[in-house]
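Next come the chains, spelled out residue by residue.
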Amino acid sequence: MLACFAKYFGERALAPRQYAEKLWEHDEWARGCYGAFCPPGLLTQHGAALRAPTGPLHWAGTETATVWSGYIDGALQSGERAAREILSG
Ligand SMILES: Cc1cc2nc3c(=O)[nH]c(=O)nc-3n(C[C@H](O)[C@H](O)[C@H](O)COP(=O)(O)OP(=O)(O)OC[C@H]3O[C@@H](n4cnc5c(N)ncnc54)[C@H](O)[C@@H]3O)c2cc1C
């Protein structure tokens with residue numbers, strides 16, 4: 001792994017002064033990673049309900065995305081979709 005850092009940040013990265021590692025499932029607020037857990041079939045069967053507007057409320061968030069759900073790309077896609085819904089409504 002250090003070799004990977006060195007590739008991007010130079011030779012000094014091969015001799016770190018400190019090393020920290022975090023287990024996100026032990027984090028009180030994250031409680032796991034790195035996205036919501038959806039069992040098989042949940043998104044394909046019920047995913048559309050996650051992004052269906054409720055009256056004036058429009059839902060964004062990576063779990064509502066149709067691509068890269070659980071990732072930054074999905075978060076961006078969902079935000080753009082929600083903004084389009086609001087602008088066109
Ligand atoms: C440790 C970790 C590593 C990750 N690594 C990657 C990676 O390498 N690549 C990648 O693509 N994705 C990665 N992800 C996933 C990515 O970070 C998420 O998919 C993305 O941030 C989700 O964006 P979001 O806008 O849907 O939700 P969030 O980023 O969770 O934003 C929701 C926001 O709403 C706020 N909020 C919550 N409740 C309320 C409330 N009641 N009122 C007001 N505000 C509220 C929260 O504080 C938060 O700021 C990682 C996630 C984690 C946790």
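Here goes a summary of the coordinates provided. Nothing here was measured: the structure is a model prediction, and the numbers come from that model.

Right, let's talk about the overall build of the chain for a bit. A tally of regular secondary structure across the chain gives three helices and zero strands. Beginning at the N terminus, the succession of helices and strands in the chain can be written as α-α-α. Relative to the globule expectation of 12 Å for 89 residues, the C-alpha radius of gyration of the chain, 19 Å, shows a markedly less compact shape. With respect to the three principal axes, the spread of C-alpha positions in the chain is 55 × 30 × 25 Å. For the chain, the residues scored as buried account for 6% of the 89 residues in total.

Moving on, we come to unusual backbone geometry. Not every positive phi belongs to a glycine, and tryptophan 68 is a case in point at roughly 50 degrees. The topology assignment puts tryptophan 68 in the loop between α2 (42-51) and α3 (72-88).

All right, on to the site of the ligand then. In the vicinity of the ligand, the contacting residues are Trp24, Ala30, Cys33, Tyr34, Gly35, Gly61, Thr62, Gly70, Tyr71, Ile72 and Ala75. Residues of the shell around the ligand, tallied by class, amount to seven nonpolar, four polar and no charged.

Within the secondary structure, leucine 50 is located in helix α2. When the 17 C-beta atoms within 10 Å are taken as the criterion, leucine 50 is described as partly exposed. Expressed as a C-alpha distance, the spacing of leucine 50 and alanine 60, which sit 10 residues apart in the sequence, is 8.9 Å. Excluding residues that lie within four positions of it along the chain, leucine 50 makes contacts with Trp59, Glu63 and Thr64.

Definitions and cut-offs
- Every chain is numbered independently, its residues counted from 1 as its sequence is written.
- Residues qualify for local features only when their pLDDT is at least 70, as the model is predicted, and side-chain atom pairs are given and counted only at 80 or more; totals for whole chains, interfaces and linings, by contrast, use all residues.
- Runs of E in the DSSP output that reach at least two residues are strands. Runs of H or I that reach at least four are helices, and both are numbered from the N terminus.
- We compute the radius of gyration from the C-alpha atoms alone; for a globule the expected value is 2.2 Å times N to the 0.38, where N is the number of residues.
- Between the buried cut of 20 or more and the exposed cut of 12 or fewer other C-beta atoms within 10 Å of a residue's own C-beta lies the partly exposed class, and all C-beta atoms are placed from the backbone.
- Whether a residue is near a molecule or strand depends on its C-beta atom, generated from backbone atoms, being within 6 Å of that molecule or strand.
- In this classification, Asp, Glu, Lys and Arg are treated as charged, Ala, Val, Leu, Ile, Met, Phe, Trp, Tyr, Cys and Pro as nonpolar, and every other residue, Gly included, as polar.
- C-beta atoms are first placed from the backbone for all residues, and any pair lying within 7 Å is then listed as a contact.

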